[in-house]
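Residue-level structural notes
Read off the chains here:
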Amino acid sequence: MICLPVVEDNVEEAIKTAKKYLEIADIVEFRVDMLKEVSEEDIAEFAKYPSIITVRPEWEGGYWRGSDEERLNLIKKAIECNAKFVDIELREEKNREIVKFRDEIGSKTKIIISYHDFEKTPSKEVLDDIVKKALSIGDIAKFATMANNKEDVLNILEVINKYSGKIIGIGMGENGKLTRILGVYFGSILTFASYKGKSSAPGQVDIETLKEIWKLMNLK
Ligand SMILES: O=C1C[C@@](O)(C(=O)O)C[C@@H](O)[C@@H]1O
């Protein structure tokens, strides 16, 4: 699956972009933290599309400037509206509460527990512990770490392979591109791509280029 992140700063453009992206991608990610303004009604609209709803806090590399309470309420609204996925950080102390809320209301939303490191990729052992902990809380473990060398790439692909089908694993940066191309082959549920230079993280491969490579390698 290929996910295109929607990085617009207003809801009207975000929905327009999502519709355009869904003509070429399997799913979109609404980066709600990048919107100047957002309401629960907007979240209800986003949830109608095959999407990941993400409200990334500044302490995890995002742009959310509202309160924690508001942030978690928006995520809960997405869950109430049966969004396909929501993304909550492993470092979010209330992540278990959010999963409990989903279970209590019987929502169909799948919960991604995510971990980011914009400087480095931890050792394979540490990555494995992160994934294990994330899977003990939510439905899908996601990590996006800066890949600085070949060993990082190999470790990322090995951890993806070990947790195939329950993981989204990403190496960020130029060195990480191989993980964005091969990750799905090793069992990552999806990969994030860019669209005509629009991206939400370093190293995202343009979606048309990615599709060409996958076609060449019979990966899709
Ligand atoms: O966590 C991730 C992965 C990502 O950081 C990437 O490296 O493609 C892009 C983010 O938008 C998304 O929420």
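This text follows the structure it describes.
About the cut-offs
Residues numbered from 1 in each chain as written. Predicted model: local features only at pLDDT ≥ 70, side-chain atom pairs only at ≥ 80, totals over all residues. Heavy atoms only, no water. Near = heavy atom within 4 Å. Polar contact = N/O pair within 3.5 Å; in protein donor to acceptor, adjacent residues only side chain to side chain. Areas by Shrake-Rupley, 256 points an atom, 1.4 Å probe, with all protein chains shown as cover. Phe/Tyr/Trp six-rings, centres within 6.5 Å; stacked < 30°, edge-to-face > 60°. Helix = DSSP H or I, 4+ residues; strand = E, 2+ residues; numbered from the N terminus. Buried < 20%, exposed > 50% of the residue type's maximum accessible area, 1.4 Å probe, protein only. Pairing = 2+ DSSP bridges. Contact = heavy atoms within 4.5 Å. Axes fitted to C-alpha atoms, helices over the stretch in contact; angles between N-to-C directions. Salt bridge = Lys/Arg side-chain N within 4 Å of Asp/Glu carboxyl O.

The next point concerns the site of the ligand. If you check the shell around the ligand, you find Glu29, Arg31, Arg56, His116, Lys142, Ile170, Met172, Arg180, Phe192, Ser200, Ala201 and Gln204 and nothing else. In this structure, an oxygen atom belonging to the ligand sits 3.1 Å away from a side-chain N or O atom of Arg31. Side-chain polar atom of Ser200 to an oxygen atom of the ligand: 2.8 Å apart, as the coordinates give it. Protein contact buries 98% of the 320 Å² of open area that the ligand shows by itself.

Attention now goes to the packing of aromatic side chains. The geometry of two aromatic rings is summed up by the distance between their centres and the angle between their planes. Applying the stated criterion to the full structure yields four aromatic pairs. On the basis of an interplanar angle of 55° and a centroid distance of 5.1 Å, the ring pair of Tyr21 and Tyr195 is categorised as tilted. With Tyr21 in helix 1 (residues 11-21) and Tyr195 in the loop between strand 8 (191-194) and strand 9 (205-206), this pair connects stretches of sequence that are 174 residues apart. Residues Tyr21 and Tyr195 agree in their burial class; the two are buried. Summarising the aromatic geometry, the rings of Phe30 and Phe46 are spaced 4.1 Å apart at their centres and angled 15° between planes, so their arrangement reads as stacked. Of this pair, Phe30 sits in strand 2 (residues 27-31) while Phe46 sits in helix 2 (residues 40-46), placing them 16 residues apart in sequence.

Here we take up the sheet that holds strand 9. Taken in spatial order, the nine strands of this open sheet run 7-6-5-4-3-2-1-8-9, and their pairing is parallel. In this open sheet, the two strands that pair with only one neighbour each are strand 7 (167-172) and strand 9. Note: strand 1 (residues 2-6) against strand 8, two bridges, orientation parallel. Within strand 8, the residue paired with Cys3 across the bridge is Phe192. Relative to the sheet, helix 5 (residues 124-137) contacts strand 5 (110-117), strand 6 (140-146) and strand 7, its axis offset from that of strand 6 by approximately 145°.

Once that is clear, we can look at the environment of Met172. Residue placement: Met172 occurs in strand 7. Leave out the neighbours within four places in its chain, and Met172 touches Asp117, Phe118, Ala144, Thr145, Met146, Ala147, Arg180, Ala201 and Pro202.

The next subject is the pattern of salt bridges. Per the counting criterion, the structure on display carries 20 salt bridges. The partner of Glu89 in a salt bridge is Arg56, and the shortest N-O contact between them spans 2.6 Å. Taken as a pair, Glu89 in strand 4 (residues 85-89) and Arg56 in the loop between strand 3 (51-54) and helix 3 (68-80) lie far apart in primary sequence, 33 residues in all. You'll find Glu89 and Arg56 in the same group, each marked buried. For Arg91, the salt bridge goes to Glu60, with nearest N and O atoms at 2.7 Å. Taken together, the residues Arg91 in the loop between strand 4 and helix 4 (95-105) and Glu60 in the loop between strand 3 and helix 3 connect sequence positions 31 residues apart. With a relative accessible area of 3%, Glu60 lands in the buried category. A single salt-bridge network, built from bridges that share partners, covers Arg56, Arg71, Asp87, Glu89, Glu92 and Lys142.

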